[in-house]
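Observations on the model geometry
Chain by chain, the residues:
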Amino acid sequence: MLKNEVEVGYDVVYECCGKQEALDAALRLLKSGGKLVFVGIPETEGLQFNMNLMRRKEICVQNVRRQNNSFEDAIEMIVKEPSYFERLITHNYHFKAASEAFENVANYEDGVIKAMVEFDDI
């Protein structure tokens, strides 16, 4: 880049869906010295980073574990307004079907948002 040239791009890009296409776009959108904040949870065990582009642009990657320090606030919110959160529960399973519940959630099947496993009469 020449001395008087202005670099186009973003200082920070948040990738929130865990898709390869979004990661590729995020790296293209960042300017040199930019920061990629990786929030998305990939459906596969790995995504590919264009290391040549990352090296040339000196991109910094910050991973985010979304549930850190959030349990207390989440519980307080549910206690204050339980009806608001009940609509997030899309599936209910008996304890004996817990493996089906976990499989459904892991594979994002059947429009699941939150699946509840009930332990009422184990």
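This structure is a prediction, so every number in the text was calculated from the model and none was measured. (Residues numbered from 1 in each chain as written. Predicted model: local features only at pLDDT ≥ 70, side-chain atom pairs only at ≥ 80, totals over all residues. Heavy atoms only, no water.)

**Brief notes about the overall build of the chain**
As a reminder of what qualifies: Numbering of helices and strands runs from the N terminus; a helix is a DSSP stretch of H or I covering at least four residues, while a strand is a stretch of E covering at least two. C-alpha atoms define the radius of gyration, and 2.2 Å times the number of residues to the power 0.38 defines the globule rule. Here a residue-residue contact requires only that any non-hydrogen atoms of the pair lie within 4.5 Å.
Regarding its fold elements, the chain presents five helices and five strands. The C-alpha atoms of the chain give a radius of gyration of 20 Å, which is well past the 14 Å a tight globule of 122 residues would have. Dimensions of the chain, computed from C-alpha atoms along their principal axes, come out at roughly 70 × 30 × 20 Å. Looking at the chain alone, contacts between residues at least 24 apart form 51% of all its contacts between residues at least 6 apart.

**Remarks on the domain arrangement of the chain**
Applicable threshold: Boundaries between domains were set according to an automatic or database domain assignment.
When its domains are assigned, the chain resolves into domain 1 (10-63) and domain 2 (76-118). Between the C-alpha centres of domain 1 and domain 2 the distance comes to 30 Å.

**Observations regarding unusual backbone geometry**
Residues apart from glycine generally show negative phi values, whereas peptide bonds are mostly found in trans. Positive phi outside glycine occurs at Tyr108, with the angle close to 55°. Here Tyr108 is to be found in the loop between helix H5 (98-106) and strand E5 (114-118). Residue Asp110 is not a glycine yet carries a positive backbone phi of 60°. Inspection of the secondary structure assignment puts Asp110 in the loop between H5 and E5.

**What about a nonpolar patch on the surface?**
Where we set the bar: The residues that make up patches have over 30% relative accessible area and no salt bridge, and they are joined within 9 Å when like-charged or within 5 Å when they are Val, Leu, Ile, Met, Phe, Trp or Tyr. All accessible areas in this document rest on Shrake-Rupley with a 1.4 Å probe, and a residue is counted as covered only by the protein chains that are shown. Salt-bridge detection follows one rule: a side-chain nitrogen of Lys or Arg within 4 Å of a carboxyl oxygen of Asp or Glu. Buried, partly exposed and exposed residues are distinguished by accessible area as a fraction of the type maximum, computed with a 1.4 Å probe on protein chains only: under 20%, between the cut-offs, and over 50%, respectively.
The grouping of Phe71, Ile75 and Val79 at the surface amounts to a nonpolar patch, some 350 Å² of accessible area in total. On the secondary structure map, Ile75 appears in helix H3 (residues 71-80). Judged by relative accessible area, Ile75 falls into the exposed class, the value being 54%.

**Notes on the pattern of salt bridges**
In this structure the tally under the stated criterion is three salt bridges. The partner of Lys31 in a salt bridge is Asp11, with the nearest N and O atoms 2.7 Å apart. With Lys31 in strand E2 (residues 30-38) and Asp11 in strand E1 (residues 10-15), the pair connects residues that are 20 residues apart, well separated along the chain. Between Glu43 and Lys19 there is a salt bridge, and its shortest N-O distance comes to 3.2 Å. Within this pair, whereas Glu43 is found in the loop between E2 and helix H2 (51-57), its partner Lys19 is found in the loop between E1 and helix H1 (20-29), the two being separated by 24 residues in sequence.

**Some thoughts on the nonpolar core**
Note the following rule: By nonpolar core is meant a set of buried Ala, Val, Leu, Ile, Met, Phe, Trp, Tyr and Cys residues that side-chain atoms within 4.5 Å join together.
Core analysis: the largest hydrophobic core is formed by 10 residues, namely Val13, Leu23, Ala26, Leu27, Leu30, Leu36, Phe38, Leu53, Met54 and Ile59. Every element with two or more residues in this core is listed here: H1, E2 and H2. Here Leu30 is in contact with Gly9, Tyr10, Asp11, Val12, Val13, Lys35, Leu36, Lys57 and Ile59, once residues within four sequence places are set aside.

**Re the pairing of strand E4 (residues 89-94)**
The condition that has to hold: Strands are labelled as partners when DSSP assigns at least two bridges between them. Note on handedness: a crossover is taken as right-handed if, strands pointing away from the viewer, the path from the first strand over the helix to the second is clockwise.
The pairing of E4 with E5 spans five bridges and is parallel. Of the residues in E5, the one forming a bridge with Asn92 is Met116. Each parallel crossover has a hand, and the one from E4 via H5 to E5 is right-handed.

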